[in-house]
Amino acid sequence: MQIALPYDIESLFQQYYRQLCLFANNILHDEALAEDVVQSFFAGLCEGRNTLPDDENTRRGYLFVSVRNNCLKQIRNEKTKNKYVDQLDMNMIEEQTVMDAMIQAEVIDQLMEAIHQLPQGCRQVLHMAVFDKLSNNEIANNLSISINTVKSQKKRAIQLLRTRLDTHMMMLLLLLLSE
Amino acid sequence: MKNDQFVLVDFLVKHFGGTLSQTDKEVLQKMFNDDPSLHDQWERYTSQGLRSSDAEFWDRLDLDQARAKILHYASAKPAKRPLHIGGMRQLKIYAGLAASLAVFIGVAWFLNLRHQDSQVVPDQAYHYKNDVLPGGQKATLTLSNGKVVTLSEEQSTVKEKNGEELHISDGQLRYQPNSNPSEVANLRNTLKVPESGFYRMVLPDGTKVWINSASELSYPLAFGKSTRNVELRGEAYFEVAHEKNRPFIVSTTHGDIKVLGTAFNLTAYSNTASNVTLINGSIQLTNKNNTTKQIVPGQKVEFDGSAMRVSQANIEKETAWQHGYFYFEHDQIQDIMEQLTRWYDIKVIYQGSITRKTFGGSMSRSVSLAEALELIKRGAGLEFEIDRKTVTVKNKS
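Rules behind the numbers
- Residues numbered from 1 in each chain as written.
- Chains lettered and ligands numbered in written order.
- Predicted model: local features only at pLDDT ≥ 70, side-chain atom pairs only at ≥ 80, totals over all residues.
- Helix = DSSP H or I, 4+ residues; strand = E, 2+ residues; numbered from the N terminus.
- Contact = placed C-beta atoms within 7 Å.
- Buried ≥ 20, exposed ≤ 12 C-beta atoms within 10 Å, placed from the backbone.
- Core = buried A, V, L, I, M, F, W, Y, C linked by C-beta atoms within 7 Å.
- Pairing = 2+ DSSP bridges.
- Axes fitted to C-alpha atoms, helices over the stretch in contact; angles between N-to-C directions.
- pLDDT = per-residue confidence, 0-100.
- Left-handed = near helix turned anticlockwise from the far one by under 90°.
- Nonpolar A, V, L, I, M, F, W, Y, C, P; charged D, E, K, R; others polar.
- Parallel < 35°, antiparallel > 145°, perpendicular 65-115°, else oblique.

J.: What am I meant to see in the overall build of chain B here?
T.: Looking only at helices and strands, chain B features 10 helices and 26 strands. Put simply, 48% of the contacts in chain B that link residues at least 6 apart link residues at least 24 apart.

This is the structure we're talking about:
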């Protein structure tokens, strides 16, 4: 059986869960803890303990700020408990660092989402090129396929990605190219 | 928080995905000129690169497991405001009920609308009266005896006179080289693509043709000994099979295009000037005035019955439709709507005076009308209304 969250939260969850986990992990450098923080936050939403802003942008800001605060709370708890000073950067509190973590999370999430919609062969090749930064030669060796196959899969993947990503971009380009 | 940094996100995604286009780069440059701090940020993000550990973490995240845990947490924690608990539960049940009712009504409405026009569907995400689905592969074929056959995507065979068989596979119509060309040379077929459709086919000589919405192509079942003649009304992209001694000639209302073997995009609707863009090879254009012009790859000729104008083409723009997306560049709203009109088979009404600014950008042709309008609306400062298949464009009030 498929589990679903209350209907207004389910869509938020689908849209933001992965991003928020990546973001929390950027702050906490602990994947399990990051997931835990984000899950507790969503649990709070399910209980209706917090009301969400209507406006899309404010809502996104609210989600990230809440998760950041919960992460920092975690860090403080850990510190008083264990009295250790660790690599958990206190400079996370700086706006720019939080901003960077948000942007990074969003970039990875969008890219992974798009890559996941590619056909299997293209996906593997592109994943290796983008994330493992392998050359065409290395990818060919790794997958035991010819370098020409790598090239054509990569080309196809990029063409498919372009179509998907461009849907996203439309609004921006319209904004920016208006004369 | 400074939100303008978020404009970088989409560009970063494209940068890392390797799909940053020339237009994107120009836009970025423009943004950096306006706000040099964005440039520093861009440099910082791109030099950091992506961590493969993040990708692995993303891959490992299990949404169903997360849902189960969230529900578990939610029920385990004592509620902070016990007074509201009953209310909330009930609300949730009502909400659930309302949601399934909405789905039910939606389905009923959908079925009802389908009956009249399968392209008109309820708007699921925005605030429009209804939504319109994008076009797709559709066409009809008029056989030599005048009979009209609807071509579907499914594999099938259509029988012509003399036992000639036409095959449809992979969603395209294929003509085989004829065993006895002289017998079928006088038989003509016409492929018609309606508004909001497109179709691909292979002619008997192996030439591949992509036919766009509201277009028709007619051709003989076998080409003659000295030339290969077809007629086009509308837009098509040709990849002509090379034959040195038998030129391929496309006739349009405004003139003829003669080629040996090449790829080109031809737009020849009768109500506006025609244009042809050459991708590779060479073509010779003769208009109704008998003026002749030859162009090289990357060039575009605009022509009507009397005049011709050669310019440098943006090949990405001219062939975007064939790759499944819209591409706008220095286009006014009317030009953009013109393209949507053909693809969604809609009527457009302009209310008041509409901005004469020009816009650029691209988007997939698989989005619904409401999605497309939402994207355009935000950038262009316009408002849209959809009523069945009529779109009203007006300035933001």
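After that view of the structure, there is still more to cover.
J.: Got a minute to help me understand the overall build of chain A in this structure?
T.: The secondary structure content of chain A amounts to 7 helices and 0 strands. When the elements of chain A are put in sequence order from the N terminus, they spell out α-α-α-α-α-α-α. In chain A, which comprises 179 residues, the share counted as buried stands at 41%. A sequence separation of at least 24 residues applies to 60% of the contacts in chain A between residues at least 6 apart.

J.: Quick question: what am I supposed to make of the environment of D36(A) here?
T.: Along the polypeptide, D36(A) turns up in helix α2 (residues 31-46). D36(A) sits 12 residues away from A24(A) along the chain, and the two C-alpha atoms are 9.6 Å apart.

J.: Whenever I open this one, the nonpolar core confuses me. Can you help?
T.: Generally speaking, a soluble globular protein has its nonpolar side chains buried in company with each other. L20(A), F23(A), A24(A), V38(A) and V67(A) are the most contacted members of the largest nonpolar core, which has 61 residues in total. What L20(A) contacts, discounting residues up to four positions off in sequence, is V38(A), L63(A) and V67(A).

J.: I keep staring at the sheet that holds strand β23 (residues 347-351) of chain B and nothing clicks. Help me out?
T.: Sheet strands line up and pair through hydrogen bonds in the backbone, either parallel or antiparallel. Residues and elements named next belong to chain B. Taken in spatial order, the 3 strands make up an open sheet running β23-β26-β25, and their pairing is mixed. Single-partner strands in this sheet number two, and they are β23 and β25 (382-387). Sheet twist, expressed as the mean angle between neighbouring strand axes with direction ignored, is 20 degrees. For β25 and strand β26 (residues 390-395), the ladder comprises 6 bridges, and the chain directions are antiparallel.

J.: Would you mind showing me how to read unusual backbone geometry here?
T.: Working note: non-glycine residues mostly have negative phi, and peptide bonds are mostly trans. Residue and element names in this part refer to chain A. For K133, which is not glycine, the phi torsion reads 50 degrees and is therefore positive. Within the secondary structure layout, K133 lies in the loop between α5 (120-130) and α6 (136-143). Unlike most non-glycine residues, S144 shows phi in positive territory, near 50 degrees. Assignment of secondary structure puts S144 in the loop between α6 and α7 (147-177).

J.: What is the right way to read the confidence of the model for chain A from this model?
T.: Predicted coordinates in areas of low pLDDT are best not read in detail. Residues and elements named next belong to chain A. The pLDDT averaged across chain A works out to 78; a share of 77% of its residues lies at or above 70. Per-residue pLDDT, averaged within each element of chain A, yields its smallest value for α7 (70) and its largest for α2 (91). When the criterion is pLDDT under 50, residues 83-89 qualifies, and its contacts beyond four places in sequence or with other chains add up to 5 contacts. A low-confidence stretch, residues 171-179 stays under pLDDT 50, and its non-local contacts, those more than four residues away or across chains, total 26 contacts.

J.: Any chance you could explain the packing of helix α1 (residues 7-17) of chain B against helix α3 (residues 36-48) of chain B here in plain terms?
T.: Working note: a packed helix pair is described by the angle between its axes plus the distance between those axes. Residues and elements named next belong to chain B. At a minimum axis separation of 11 Å, α1 and α3 run at an interaxial angle of 35 degrees. Here the hand of the crossing between α1 and α3 comes out right-handed. Contacts between α1 and α3 involve L8, L12 and H15 from the former and L38, Q41, W42, Y45 and T46 from the latter. Its residues placed into classes, the contact of α1 with α3 shows 5 nonpolar, 3 polar and no charged.

J.: Help me out: how do you make sense of the packing of α5(A) against α6(A) in this one?
T.: Residues and elements named next belong to chain A. Here α5 crosses α6 at 130 degrees, and the two axes come no closer than 10 Å. Overall, the two elements α5 and α6 adopt an arrangement that is oblique. Considering how the two elements wind past one another, α5 and α6 form a crossing that is right-handed. Contacts from Q124, V125, M128 and A129 of α5 reach α6 at I139, N142 and L143.

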